[in-house]
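Okay, here's what each chain looks like letter by letter:
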Amino acid sequence: MLRFFSIEHGVISEMEPSTDTPIEIAIKNAHWIDTINPTEEERVALANTLNITLPGADDVEEIEASSRCFIDSEGLHVHALFMSPNDGRFNTVTVACLLQKNCLLTIRDDELADFRLLRLRARKGQVACDNPKQLLVTLFDQKVEKLSAYVLEEEDSDLEEAVSRISRLEDANGKVRLCLMDTQRNISFLMRHVGVQSEERETLREVTRDIETLMSHCAFLFDKVNFLMDSTQGFINIEQNQIIKTFSIASVVFLPPTVVASVYGMNFNNMPELNWAWGYPFAIAIMLLSGFAPYLFFKHKGWL
């Protein structure tokens, strides 16, 4: 799927080409082309019209810095990681950005909240930029704001409800930190190629400072989540020990009455208690006393 946007008088607006308009014309007139799982026909049209070679899935997922941020005859390439929340968990999606003189091309495999928010802000006139270069800077600026929201959200969450919840938080925090590190690398690359005194460079400096702050906060949250995980496991061990302690005391309390009952269940002829009129109440009393004696002893020692 291809979506086309134009920049007019500092405002981004979405273009809706008619069905009769060739796709090549729409590509030439767009300042921002956002693609999601483009078809083979769309990939061919993009490659021929923009005179580029679209990266494959393996090229986008390369982890070497030289493969994720570079400049060639086609333009400025930046492959960036974005967060994608899904059913309470977070995934990372790689977006390939290609910046040319009059066009920004973004290629991704999944819908992302950052891009929906950017399109919404663009439709409302909340995103002001004069060229595709400023649009790319705005995209990274918004990405850091979104990551900041994820970090603060995890800090305010109820971290004590379950070990599984803490595990999800640790996973989310790790992926946020990974995206921040990737963004830091991308921002450093952009700062070397947007001009020395440009307004975009100052924006990138501010974004870099925000990233450093968020990185420190992520490190704090990482330690906090690990502490909560250790504490939760400690509480679980204490609860298990309490259960084992209860069973142990119960077995000790009922052991003497069991011995007494076993003795008087032998039914030997020589046992004088068999002929007593109060023999049965006597045996019951001994069993009760032998059971209460360990209980009172444990209570006196403070073990209960």
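Reading the values: rules and limits
Residues numbered from 1 in each chain as written. Predicted model: local features only at pLDDT ≥ 70, side-chain atom pairs only at ≥ 80, totals over all residues. Heavy atoms only, no water. Helix = DSSP H or I, 4+ residues; strand = E, 2+ residues; numbered from the N terminus. Buried < 20%, exposed > 50% of the residue type's maximum accessible area, 1.4 Å probe, protein only. Contact = heavy atoms within 4.5 Å. Areas by Shrake-Rupley, 256 points an atom, 1.4 Å probe, with all protein chains shown as cover. Core = buried A, V, L, I, M, F, W, Y, C linked by side-chain atoms within 4.5 Å. Salt bridge = Lys/Arg side-chain N within 4 Å of Asp/Glu carboxyl O. pLDDT = per-residue confidence, 0-100. Pairing = 2+ DSSP bridges. Phe/Tyr/Trp six-rings, centres within 6.5 Å; stacked < 30°, edge-to-face > 60°.

**Things to note about the overall build of the protein**
Now for step 1: Regarding its fold elements, the protein presents nine helices and seven strands.
Now for step 2: Burial statistics for the protein: of 304 residues in total, 40% are counted as buried.
Now for step 3: Residue pairs in contact within the protein that sit at least 24 positions apart in sequence constitute 63% of those at least 6 positions apart.
Now for step 4: For the protein, the exposed surface amounts to about 17400 Å²; the carbon and sulfur share of it is 55%.

**Some points on the nonpolar core**
Now for step 1: Core analysis: the largest hydrophobic core is formed by 43 residues, its most contacted members being Ile12, Val78 and Leu136.
Now for step 2: Examining the composition of this core, we find that eight residues originate from one element, helix H7 (residues 163–191), more than from any other.
Now for step 3: Discounting residues that sit within four places of it in the chain, Ile12 has contacts with Phe5, Ser6, Ile7, Ala122, Val127, Cys129 and Leu135.
Now for step 4: Residues Ile27, Ala47, Leu50 and Ala96 belong to the second largest nonpolar core, which totals 17 residues.

**As for the pattern of salt bridges**
Now for step 1: This structure, assessed with the given rule, holds three salt bridges.
Now for step 2: A salt bridge links Arg3 to Glu14, with the nearest nitrogen and oxygen atoms 3.0 Å apart. Note that Arg3 is positioned in strand E1 (residues 2–8) and Glu14 in strand E2 (residues 11–15), a separation of 11 residues in sequence.
Now for step 3: Across the salt bridge formed by Arg108 and Asp34, the nearest N and O atoms sit 2.5 Å from each other. One end of the pair, Arg108, is in strand E7 (residues 104–108); the other, Asp34, is in strand E3 (residues 32–36), and 74 residues separate them in sequence.
Now for step 4: Judged by its relative accessible area of 1%, Arg108 is buried.
Now for step 5: Members of the salt-bridge network, linked through shared partners, are Asp34, Arg108 and Glu111.

**What about the confidence of the model for the protein?**
Now for step 1: Looking at the protein as a whole, the pLDDT averages 75, with 79% of positions reaching at least 70.
Now for step 2: Contacts for the low-pLDDT stretch residues 154–160, under 50 throughout, to residues beyond four places or in other chains number 16 contacts.

**Some words on the environment of Ile23**
Now for step 1: Mapped onto the fold, Ile23 is located in helix H1 (residues 23–29).
Now for step 2: Judged by its relative accessible area of 26%, Ile23 falls in the partly exposed class.
Now for step 3: Residues Ile23 and Glu41, 18 residues apart in the sequence, show an inter-C-alpha distance of 9.9 Å.
Now for step 4: Ignoring sequence-local partners within four residues, the contact set of Ile23 consists of Leu2, Phe4, Glu42 and Ala45.

**Some details on the environment of Arg43**
Now for step 1: Its place among the elements puts Arg43 in helix H2 (residues 40–50).
Now for step 2: Given the relative accessible area of 22%, Arg43 is considered partly exposed.
Now for step 3: Counting along the chain gives 12 residues from Arg43 to Pro55, while the straight-line C-alpha distance between them is 10.0 Å.
Now for step 4: Apart from the residues within four sequence positions on either side, Arg43 is in contact with Pro38, Leu54 and Pro55.

**Structural notes on the pairing of E7**
Now for step 1: Counted residue by residue, E7 has five buried out of five residues, so it is predominantly covered.
Now for step 2: Every second residue of E7 is oriented toward a common face, with Leu104, Thr106 and Arg108 on one face and Leu105 and Ile107 on the other, all of them buried.
Now for step 3: Relative to E7, E3 runs parallel, the two being bridged by five bridges. In the strand pairing of E7, Trp32 is matched with Leu104.

**Remarks on the packing of aromatic side chains**
We describe a pair of aromatic rings using the distance from one ring centre to the other and the angle between the two ring planes.
Now for step 1: Counted by the stated rule, this structure contains three aromatic pairs.
Now for step 2: Aromatic side chains Phe82 and Phe115 sit 5.6 Å apart centroid to centroid with 55° between the ring planes, which places their arrangement in the tilted category. On the criterion of sequence distance, the pair formed by Phe82 in strand E5 (residues 75–86) and Phe115 in helix H5 (residues 113–123) is long-range, its members being 33 residues apart. Of the two residues examined, Phe82 and Phe115, each falls in the buried class.
Now for step 3: Taken together, the ring pairs connect Phe5, Trp32, Phe82 and Phe115 into an aromatic cluster.

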